[in-house]
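What the coordinates show
Listed below are the residues making up each chain.
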Amino acid sequence: MTDFAKMQDQMENGSGFIAALDQSGGSTPKALALYGVDASDYGSEDEMFGEIQKMRERIILSPDFTSAKVIGAILFEKTLHEQIEGQAVPSYLWDKRGVVPFLKIDKGLQDEADGVQLLKPIPGLAETLAAAKAMGIYGTKERSVIHGANADGIKAIVANQFDVAHEVIGAGMVPIIEPEVNIHSETKAEAEAILAEALLAQTEALGEGQDIMLKLTLPEQPGIYDALADHPRVQRVVALSGGYSTQDASARLAQNHKMIASFSRALTEGLQRDMSDDGFHAALGGNINQIYEASVA
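Residues numbered from 1 in each chain as written. Predicted model: local features only at pLDDT ≥ 70, side-chain atom pairs only at ≥ 80, totals over all residues. Heavy atoms only, no water.

1. Description of the nonpolar core
- Core analysis: the largest hydrophobic core is formed by 78 residues, its most contacted members being Phe65, Leu195, Leu214 and Phe263.
- In this view, Phe263 contacts Ile18, Ala19, Ala20, Leu218, Ala239, Leu240, Ser241, Ala249, Ser250, Leu253 and Ile291; residues no more than four positions away in its chain are not counted.
- Core analysis: the second largest hydrophobic core is formed by 15 residues, Ile18, Met213, Val238 and Ile260 among them. (Core = buried A, V, L, I, M, F, W, Y, C linked by side-chain atoms within 4.5 Å. Buried < 20%, exposed > 50% of the residue type's maximum accessible area, 1.4 Å probe, protein only. Contact = heavy atoms within 4.5 Å.)

2. Section: the packing of aromatic side chains
- Tallied over the entire structure, the rule returns four aromatic pairs.
- Cluster of aromatic residues (ring-pair linked, three or more members): Phe4, Phe102 and Tyr138.
- In this structure, Lys69 is placed above the aromatic ring of Tyr292, and the distance from its NZ or CZ to the ring centre is 5.7 Å.
- Sitting over the ring of Phe4, Lys133 keeps its end group 3.8 Å from the ring centre. (Phe/Tyr/Trp six-rings, centres within 6.5 Å; stacked < 30°, edge-to-face > 60°. Lys NZ or Arg CZ within 6 Å of the ring centre and 35° of its normal.)

3. Side note on helix α9 (residues 246-254)
- Turning to α9, its buried residues number three or more, namely Thr246, Ala249, Ser250 and Leu253. The arc that holds every buried residue of α9, seen down its axis, measures 95°, which confines them to one face.
- Close packing links the buried residues of α9 with β10 (234-240), β11 (259-261), α10 (265-268) and α11 (277-295). (Helix = DSSP H or I, 4+ residues; strand = E, 2+ residues; numbered from the N terminus. Arc of directions from axis to C-beta.)

4. What about the pairing of strand β9 (residues 212-217)?
- Extensive coverage of β9 is indicated by the burial of six of its six residues.
- Direction of pairing for strand β8 (residues 174-181) relative to β9: parallel, over a ladder of two bridges. Pairing of Ile177 across the sheet is with Leu214, part of β9.
- Following the backbone out of β8, through helix α7 (residues 188-204) and into the adjacent parallel β9, one traces a crossover that is right-handed.
- Where β9 and β10 come together, six bridges link them in parallel fashion. When the sheet's bridge partners are listed, Leu216 is paired in β10 with Ala239. (Pairing = 2+ DSSP bridges. Right-handed = clockwise from strand over helix to strand, strands pointing away.)

5. Side note on the packing of helix α5 (residues 125-134) against helix α6 (residues 151-170)
- With their axes 10 Å apart at the nearest point, α5 and α6 run at an angle of 45° to one another. Considering the angle they form, α5 stands oblique to α6. For α5 against α6, the interelement crossing comes out right-handed. Here Leu125, Ala126 and Leu129 of α5 lie close against α6, whose contacting residues are Val164, Glu167 and Val168. (Axes fitted to C-alpha atoms, helices over the stretch in contact; angles between N-to-C directions. Parallel < 35°, antiparallel > 145°, perpendicular 65-115°, else oblique. Left-handed = near helix turned anticlockwise from the far one by under 90°.)

6. Some thoughts on unusual backbone geometry
- The backbone of Glu85 sits at a positive phi, close to 50°, despite the residue not being glycine.
- Along the polypeptide, Glu85 turns up in the loop between β3 (83-84) and β4 (87-88).
- Not every positive phi belongs to a glycine, and Asp114 is a case in point at roughly 50°.

7. Description of the pattern of salt bridges
- Applying the stated criterion to the full structure yields 15 salt bridges.
- The salt bridge involving Lys104 is made with Asp106; its shortest N-O contact spans 2.8 Å. Comparing Lys104 with Asp106 shows no difference in burial state: the two are buried.
- Overlapping salt bridges, with partners in common, bring together Asp41, Glu51, Lys54 and Arg273 in one network. (Salt bridge = Lys/Arg side-chain N within 4 Å of Asp/Glu carboxyl O.)

8. Overview of the environment of Ala189
- Assignment of secondary structure puts Ala189 in helix α7.
- The exposure class assigned to Ala189 is partly exposed, which follows from its relative accessible area of 39%.
- Separated by 31 residues in the primary sequence, Ala189 and Glu220 place their C-alpha atoms 5.5 Å from one another.

9. What to know about the side chain of Asn160
- Its place among the elements puts Asn160 in helix α6.
- Discounting chain neighbours no more than four positions away, the residues touching Asn160 are Leu118 and Leu119.

10. Topic: α11
- Taking 1.5 Å of rise per residue, the 19 residues of α11 would be expected to cover 27 Å, and the 26 Å separating its terminal C-alpha atoms lies within 8% of that figure.
- Buried residues of α11: Phe280, Leu284, Gly285, Asn287, Ile288, Ile291, Tyr292, Ala294 and Ser295, and no others.
- In this structure, the buried residues of α11 make contact with β1 (17-21), α3 (45-60), β2 (70-75), α9, β11 and α10. (Expected span 1.5 Å × (residues − 1).)

The following block contains the structure:
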């Protein structure tokens, strides 16, 4: 029986960061190319997902990938049905590594309107949530994107995110709400100020037991999300690396004392398929240490 109370305590109070291992169809080829796996190395989508699963498994089995520094991990839906050492990945993460499993549930982005891209509809969400909960998944993650400081668009994206979040909460899970602000936006700081206000307004409307987490782009103004991090309905505010290098992302994160990391590309930076196991573990361990130090700064 999954101990959700223990998972909750780890998410609220644990020292460390959340690993984003949720590369999906769109982001997998790029992630594999950075890992040294060329498109010519796989002939079908299934083979492509097989390659990324080998990479994920190598990361999860690495000595430093434990709850000492990694308190949670976000998985792609296909990963739920994969196994490590004969055990389903979500339960392996929790039972063997002490890492709380989350599930990416979004199905991509709508076309841009009012400076934002809302979540696409998520068909079969109720069934997905029920199955994930039964597998010991603690929460979900859903990503949409803000490209500019358009107040109407940002209000719409936050409302869209909270609509999905309420369904996740109703299924007995904790949603990670992720309205990413594009790091290349010319109005990034202004967009973040509008976003912080919109998120706080929606969060204030949550009732007892309606807990959420937030995954936000590292902000231009350090501490702008502190009021959200301190809110009793918010278990954690985590940061996405958003295209910043591991070094840049860690430096920015260290300035935001109430955020912890939830990095993907910055976590896997420099890892190569043809590395020896010792070389791989050393490189990953170095990234984990750097991201951990920035998360606890």
